[in-house]
2 protein chains.
Amino acid sequence: MEAFNNYLKQFPKYTPKVFEMVLPYLTEQTIELGDFFLPQGKICRSIAYIETGLLRLYYLNDGKEVTNCFCKENTITTSYSSLITNRESEIAIQAIEDSKLIILPYVALQELYEKDLFWQQLGRLAAESEFVTTECHHRFLRDQSATERYRQILENENDLLQRVPLNYIASYLQIAPETLSRIRKKIART
Amino acid sequence: MEAFNNYLKQFPKYTPKVFEMVLPYLTEQTIELGDFFLPQGKICRSIAYIETGLLRLYYLNDGKEVTNCFCKENTITTSYSSLITNRESEIAIQAIEDSKLIILPYVALQELYEKDLFWQQLGRLAAESEFVTTECHHRFLRDQSATERYRQILENENDLLQRVPLNYIASYLQIAPETLSRIRKKIART
């Protein structure tokens, strides 16, 4: 649990008290590569802090999986819309490495919101960051060519390229796996 | 200013004190049809409560205006990403009716965040709602045909159709104005 405590320390207004408040609600969960933290169509009722491992969020578009994002160790993952609206999740969350998660139920977070400004603030910062990330990703897909998109993750998220199977990278860039192969070969030649 | 006070009353934890706290920071602004609350490329530094009127948010895609959303009386508008990240706004906010706004500077909101749980909570709820609205709109554009999209706003937002020029409706549905004309004629015949 200490990793989650360290994660909380980066937020303003942290005091050891806030970790004591949340500790009784936390549980650990280990999931294996290929397992789901959340299958598509279920209502998401918790937030996962990823202590170790890697997960991907994806949705189905015309029966084809489209990867929204990758979430790695020392970050939080959840199906945000489903969590907030209490509706079935369009998004599935799947481990693509064996992962160790620390789970906080949403009902507990809502209790915490009432108890300390720290948690309201964390909720606000998380929502803001989720919004900005989603908007950036839409813009990235809309404004950049397939090659530019690949170059960008090559420059900024090279560690992901080492860890994620290429078919998931292709679905994240919203290009066919064959197109990704062609782009990779072209870039390797230059 | 009383309209803004009434707007705040809908949120949990409202007390008359929260309105007294925000009042010194508020200013009124009247903008005419066609004027900008925020031109594209400027950093957004405030939030507007729309007391009367109607505005649209749009961005440029390959030089063409794409309308993101319409904001009418008794709602809040801002360029959310620009506000939070302090970067130049990709989005422009333009009045499409003469409008009366009540302006709250973001620096003031940040001060209020420190003073009362109400404001942190309002910030969180606003961010959450912004996220869900944006995601819904992306899904709406992705999953529905042009005709379905038009039918949906015909059913759910008929008042907008009465108030908004059709070229903006077309750009909101991301279809050509001629396509919208054809759809409207087809639906009128059925």
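One structure accompanies this document, and this report is about it. Note that this is a predicted model, so its numbers are computed, not measured. (Residues numbered from 1 in each chain as written. Chains lettered and ligands numbered in written order. Predicted model: local features only at pLDDT ≥ 70, side-chain atom pairs only at ≥ 80, totals over all residues.)

**Regarding the relation of the copies chain B and chain A**
Taken together, a rotation about one axis and a shift along it account for how the two chain copies relate. Mapping chain B onto chain A is achieved by rotating through 180° and translating by 0.0 Å along the same axis, at an RMSD of 0.0 Å. Here the symmetry operator amounts to a two-fold rotation axis. Among all C-alpha atoms of chain B, that of arginine 124 of chain B lies closest to the rotation axis, at 1.9 Å. Most of the interface of chain B is mirrored in chain A, where 100% of its interface residues are also at the interface. (Least-squares fit on C-alpha atoms with pLDDT ≥ 70 in both. Contact = placed C-beta atoms within 7 Å.)

**Re the pairing of strand S8 (residues 99-105) of chain B**
Residue and element names in this part refer to chain B. Examined bridge by bridge, strand S1 (residues 27-31) and S8 share five bridges and lie antiparallel to one another. Along S8, the bridge assignment pairs glutamate 28 with isoleucine 102. Bridge count between strand S3 (residues 46-52) and S8: six bridges; the pairing is antiparallel. Bridge assignment links threonine 52 to a residue of S8, and that residue is lysine 100. (Pairing = 2+ DSSP bridges. Helix = DSSP H or I, 4+ residues; strand = E, 2+ residues; numbered from the N terminus.)

**A look at the nonpolar core**
If you look at the biggest cluster of nonpolar residues, it comprises 77 residues, and the most contacted ones within it are Phe37, Leu55 and Ile93 of chain A together with Phe37, Leu55 and Ile93 of chain B. Sequence-distant contacts of isoleucine 93 of chain A, that is, excluding residues within four places in its chain, are made with Phe36, Phe37, Leu38, Leu55, Leu57, Thr77 and Ser79 of chain A. (Core = buried A, V, L, I, M, F, W, Y, C linked by C-beta atoms within 7 Å. Buried ≥ 20, exposed ≤ 12 C-beta atoms within 10 Å, placed from the backbone.)

**Quick word on the interface of chain B and chain A**
Accessible area lost upon the coming together of the parts is a frequently used measure of interface size. Taken residue by residue, the interface counts 19 residues in chain B and 19 residues in chain A. Breaking the side of chain B that touches chain A down by element, the ones donating at least two residues are helix H3 (80-85) and helix H5 (117-143) of chain B. It is H5 of chain B that contributes the most residues to the side of chain B that touches chain A, 14 residues altogether. Broken down by class, the residue content of the side of chain B that touches chain A amounts to six nonpolar, eight polar and five charged. (Nonpolar A, V, L, I, M, F, W, Y, C, P; charged D, E, K, R; others polar.)

**Focus: the sheet that holds strand S4 (residues 54-61) of chain A**
Residue and element names in this part refer to chain A. With antiparallel pairing, the four strands of this open sheet are ordered in space as S2-S7-S4-S5. Because the sheet does not close on itself, it has two edges, and the strands there are strand S2 (36-38) and strand S5 (64-72). Averaged over neighbouring strand pairs, the angle between their axes works out to 30° when direction is ignored. Bridge count for S4 against S5 is eight bridges, and the pairing is antiparallel. Looking at S5, one finds that tyrosine 58 is bridged to threonine 67. (Axes fitted to C-alpha atoms, helices over the stretch in contact; angles between N-to-C directions.)

**Re unusual backbone geometry**
Negative phi characterises most residues that are not glycine, and trans characterises most peptide bonds. Even without glycine at this site, lysine 13 of chain A takes up a positive phi of about 70°. Relative to the helices and strands, lysine 13 of chain A resides in the loop between helix H1 (2-9) and helix H2 (16-22). In the Ramachandran plot, asparagine 74 of chain B falls in the positive-phi region, its phi being about 65° despite a non-glycine side chain. Along the polypeptide, asparagine 74 of chain B turns up in the loop between strand S5 (64-72) and strand S6 (76-77). According to the C-beta neighbour criterion, asparagine 74 of chain B is partly exposed, with 14 such atoms within 10 Å.

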